[in-house]
Amino acid sequence: MSYGIALQSWHDFYSIVGMAAGSLVGLLFVGLSLHLRVVVTHEDVRALARVTMASLGLSLVLALFMVIPETNDPSSTGWDVVGVGVASVVIIGRPLVSGIRSSHRALSLVHLILRFGLTIATFAAAVVAGAIFVSGDYQAGFSWLVGVSVSLLVTALRNSWDLLVTVGAASIGPAESPQGS
């Protein structure tokens, strides 16, 4: 099967991934804007929000690259994926450092490192997927990107839940915050 035909067979999957990522970005903006004061006053919450947006952004851009109606060679797709994966790691570098260094945290340090670690691992997997495409093994590249796409969405969903619960608890105050989130 040629690369163009293989790419076309993934069109519906990546259309769904792109629509899901775009929808989740909008919902996250709405959810966080309802408690904007907490987001801007807690570096760790702001950092997790940026990481979550970067995950959804990477999902969206990967989906866009995969539904482009060109039948380029797998190498050009691979370089696009590598570039977006590396850019995503760079984008979350500063928020990661500021979130971890923050002395006034709404999230525990372990919790923050776990959320960032999972996200960075997924970004690295995107870079690996791109390298697989560059090597010419586009069938394996597609398989890797399925895992990357699902991981990005699941990680972003989990981060979004943590953000919304943390922001809600900080807005309510410690005396009234719900237990067991």
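Rules of the game
- For every chain, the first residue of the written sequence is number 1, and numbering continues from 1 onward in sequence order.
- Thresholds applied to this predicted model are a pLDDT of at least 70 for local features of residues and 80 or more for the giving and counting of side-chain atom pairs; totals over whole chains, interfaces and linings are not thresholded and use all residues.
- Think of the side-chain values as coming from all heavy atoms in the structure, minus any hydrogens and water.
- For this analysis, a nonpolar core means a set of buried residues of the types Ala, Val, Leu, Ile, Met, Phe, Trp, Tyr and Cys, connected via side-chain atoms within 4.5 Å.
- Each residue is placed in one exposure class: buried if its accessible area under a 1.4 Å probe, protein chains only, is under 20% of its type's maximum, exposed if it is over 50%, and partly exposed if it falls in between.
- Helix and strand assignments follow DSSP, with helices taken as H or I runs no shorter than four residues and strands as E runs no shorter than two, numbered in order from the N terminus.
- When a carboxyl oxygen of Asp or Glu lies within 4 Å of a side-chain nitrogen of Lys or Arg, that pair is called a salt bridge.
- Here the aromatic set is Phe, Tyr and Trp, taking the six-membered ring for Trp, and pairing holds for ring centres within 6.5 Å; pairs whose planes are under 30 degrees apart are stacked, those over 60 apart are edge-to-face, and all others are tilted.
- Angles here are taken between N-to-C directions and fall from 0 to 180 degrees, while the axes themselves are lines fitted to C-alpha atoms, restricted in helices to the stretch in contact.
- Angular relationships are summarised with four words: roughly parallel below 35 degrees, roughly antiparallel beyond 145, roughly perpendicular across 65 to 115, and oblique for the angles in between.
- The sense of a crossing depends on the near helix, which, turned anticlockwise from the far helix by less than a right angle, makes the crossing left-handed and, turned clockwise, makes it right-handed.
- Here, two residues are considered to be in contact whenever any of their heavy atoms come within 4.5 Å of each other.
- Amino acid classes used here: Ala, Val, Leu, Ile, Met, Phe, Trp, Tyr, Cys and Pro are nonpolar; Asp, Glu, Lys and Arg are charged; the rest, including Gly, are polar.

Q: Looking at this structure, how should I read the nonpolar core?
A: Most often, soluble globular proteins have nonpolar side chains that are buried together. Counting 42 residues, the largest nonpolar core has Phe142 and Leu145 as the members making the most contacts within it. Among the secondary structure elements, those contributing two or more residues to this core are helix H1 (3-9), helix H2 (11-33), helix H3 (36-41), helix H4 (43-67), helix H5 (74-101), helix H6 (109-135) and helix H7 (138-172). It is H4 that provides the largest number of residues to this core, a total of twelve residues.

Q: Help me out: how do you make sense of the pattern of salt bridges in this one?
A: A side chain with one charge may pair with a side chain of the opposite charge, provided their charged atoms come close. The full count for this structure, using the stated rule, is one salt bridge. In this structure, the salt-bridge partner of Arg158 is Asp162, at a minimum N-O distance of 3.4 Å. With Arg158 and Asp162 both in helix H7 and four residues apart, the pair spans about one turn of that helix.

Q: Can you help me understand the packing of aromatic side chains in this one?
A: Within a pair of aromatic rings, the relevant descriptors are the distance that separates the centres and the angle that separates the planes. Scanning all chains against the criterion turns up nine aromatic pairs. Ring centres of Trp10 and Tyr14 lie 6.2 Å apart, and the angle between their planes is 50°; on these two criteria the pair is classed as tilted. Taken together through their ring pairs, the aromatic side chains of Tyr3, Trp10, Phe13, Tyr14, Phe133, Tyr138 and Phe142 make up a single cluster.

Q: I keep staring at the packing of H2 against H4 and nothing clicks. Help me out?
A: Two measures define how a pair of helices packs: the angle their axes make with one another and the distance between the axes. Two numbers describe how H2 lies on H4: the axes approach to 8 Å, and their chain directions differ by 155°. Viewed along their axes, H2 and H4 adopt a mutual orientation that is roughly antiparallel. As for the relative orientation of H2 and H4, their crossing is left-handed in sense. Where H2 approaches H4, its residues His11, Tyr14, Ser15, Val17, Gly18, Ala21, Gly22, Leu24, Val25, Leu28, Phe29 and Leu32 are matched on the opposing element by Ala49, Thr52, Met53, Leu56, Ser59, Leu60, Ala63, Met66 and Val67. Class assignment for the residues of the contact of H2 with H4 results in 15 nonpolar, six polar and no charged.

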